[in-house]
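# Per-entry structural report
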Amino acid sequence: MARRILGLDPGTGIFGFGVIEVRNNSPKMVTGGVITSPKHTPLPDRLLEIYEEINNIIKETEPDEVSIEKLFFTRNITTGISVAEARGVATLAAHQNKLPIFEYNANQIKQTLTGYGRADKKQVQEMVKQALGLKAIPKPDDAADALAAAITHYLMTRY
């Protein structure tokens with residue numbers, strides 16, 4: 001039986017998503033990409049776009065579960081708040097579609113994929129490429145990060 005996991009990497013200007021399908025303990029990429037909005041777009045318009053796009057992705061790919069990266073911010077609280085709002089509308093979309101939602105922080109994702117909780121972005125992206133049997137690292141980076149969240153959930157909950 002196949003299992004589909006939607007991974008999400010929250011952001012307001014660039015919001016990453018990636019869907020993997022697991023069959024016989026072998027994860028494969030279904031799709032991945034980003035939801036983007038121009039820098040000067042009002043935040044409510046950005047949030048609506050993210051919400052609608054996540055709903056479209058869910059309808060098109062029919063995931064069984066959602067894995068979303070937890071937020072961690074120390075520098076710019078204003079940016080952190082808007083990213084939290086983007087994360088909130090994505091979580092709402094998943095919940096309204098009756099999908100179970102699982103959360104992992106950046107260190108958990110790095111540790112699970114590379115064995116080292118302080119791995120750099122390139123190491124994580126290389127492991128995404130290897131885990132999914134891809135010829136190249138998925139682009140842009142936010143899509144690769146979302147796929148990393150999906151792979152982490154698969155590895156943390158193998159059954």
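Right, let's walk through the structure included here. Treat the numbers as computed from the prediction; the structure is a model and nothing was measured.

Turning our attention to unusual backbone geometry. The residue after K139, namely P140, is reached through a cis peptide bond having omega -10 degrees. Phi at N25 takes a positive value of approximately 60 degrees, unusual for a residue other than glycine. Here N25 is to be found in the loop between β2 (14-23) and β3 (26-36). By relative accessible area, which is 54% here, N25 ends up exposed. Residue E62 is not a glycine yet carries a positive backbone phi of 50 degrees. Here E62 shows up in the loop between α1 (43-61) and β4 (65-69).

We now examine the nonpolar core. With 19 residues, the main nonpolar core has L6, L8, F15, I35, I50 and I54 as its most contacted residues. Sorting the residues of this core by element identifies β1 (3-9), β2, α1, β4 and α2 (77-96) as the ones contributing at least two each. Not counting residues within four places of it along the chain, the set of residues in contact with I35 comprises G13, I14, F15, F17, E49, I50, E53, I54 and I57. V22, L113, V124 and I151 belong to the second-largest nonpolar core, a separate cluster that totals 16 residues.

What follows is about the packing of helix α3 (residues 106-114) against helix α4 (residues 121-131). Close contact between α3 and α4 brings their axes to 9 Å; oriented N to C, the two are set at 55 degrees. Viewed along their axes, α3 and α4 adopt a mutual orientation that is oblique. For the pair α3 and α4, the crossing hand works out as left-handed. Counting all contacts with α3, which are made through K110, L113 and T114, the residues of α4 involved are Q123, V124, M127 and V128.

Burial analysis of β1 places six of its seven residues in the buried class, which makes it a mostly covered element. Pairing geometry for β1 and β2, over seven bridges, is antiparallel. Bridged to G7 within β2 is G18. Count of turn residues in the β1/β2 antiparallel hairpin: four residues. Of the strand pairs in this sheet, β1 and β4 are connected by four bridges, and their pairing is parallel. Within β4, the position partnered with I5 by the bridge is E65.

This brings us to the side chain of T61. On the secondary structure map, T61 appears in helix α1. Excluding anything up to four places from it in sequence, T61 contacts R4, V19 and T31.

In this section: the sheet that holds β4. Spatial strand order, β3-β2-β1-β4-β5: five strands in an open sheet with mixed pairing. This sheet does not close on itself; its edge strands, each paired only once, are β3 and β5 (101-104). Averaged over all neighbouring strand pairs, the angle between strand axes comes to 20 degrees, with direction disregarded. Across four bridges, β4 lies against β5 in parallel orientation. Each residue of the ladder has a partner; that of V66, found in β5, is I101.

Rules and cut-offs
- Along every chain, residues carry numbers that run from 1 in the direction the sequence is written.
- Local features in this predicted model are restricted to residues whose pLDDT is 70 or higher, and side-chain atom pairs enter the listing and the counts only when it is 80 or higher, whereas totals over whole chains, interfaces and linings include all residues.
- Values reported for side chains reflect all heavy atoms of the structure, with hydrogen atoms and water molecules removed beforehand.
- The helix count covers DSSP runs of H or I at least four residues long, the strand count covers runs of E at least two residues long, and both are numbered beginning at the N terminus.
- Partly exposed residues are those whose accessible area sits between 20% and 50% of the maximum for their type, while under 20% is buried and over 50% is exposed, using a 1.4 Å probe and protein chains only.
- Definition of nonpolar core: a set of buried residues of the types Ala, Val, Leu, Ile, Met, Phe, Trp, Tyr and Cys, connected through side-chain atoms within 4.5 Å.
- Should any heavy atoms of two residues lie within 4.5 Å, those residues are considered in contact.
- To get an axis, fit a line to the C-alpha atoms, keeping to the stretch in contact for a helix; angles then go from 0 to 180 degrees between the N-to-C directions.
- Every angle not falling under 35 degrees, over 145, or within 65 to 115 is termed oblique; those three ranges are roughly parallel, roughly antiparallel and roughly perpendicular.
- For any pair of crossing helices, the crossing counts as left-handed if the nearer helix is rotated counterclockwise from the farther one by less than a right angle, and right-handed if it is rotated clockwise.
- Pairing between two strands requires that DSSP report at least two bridges joining them.

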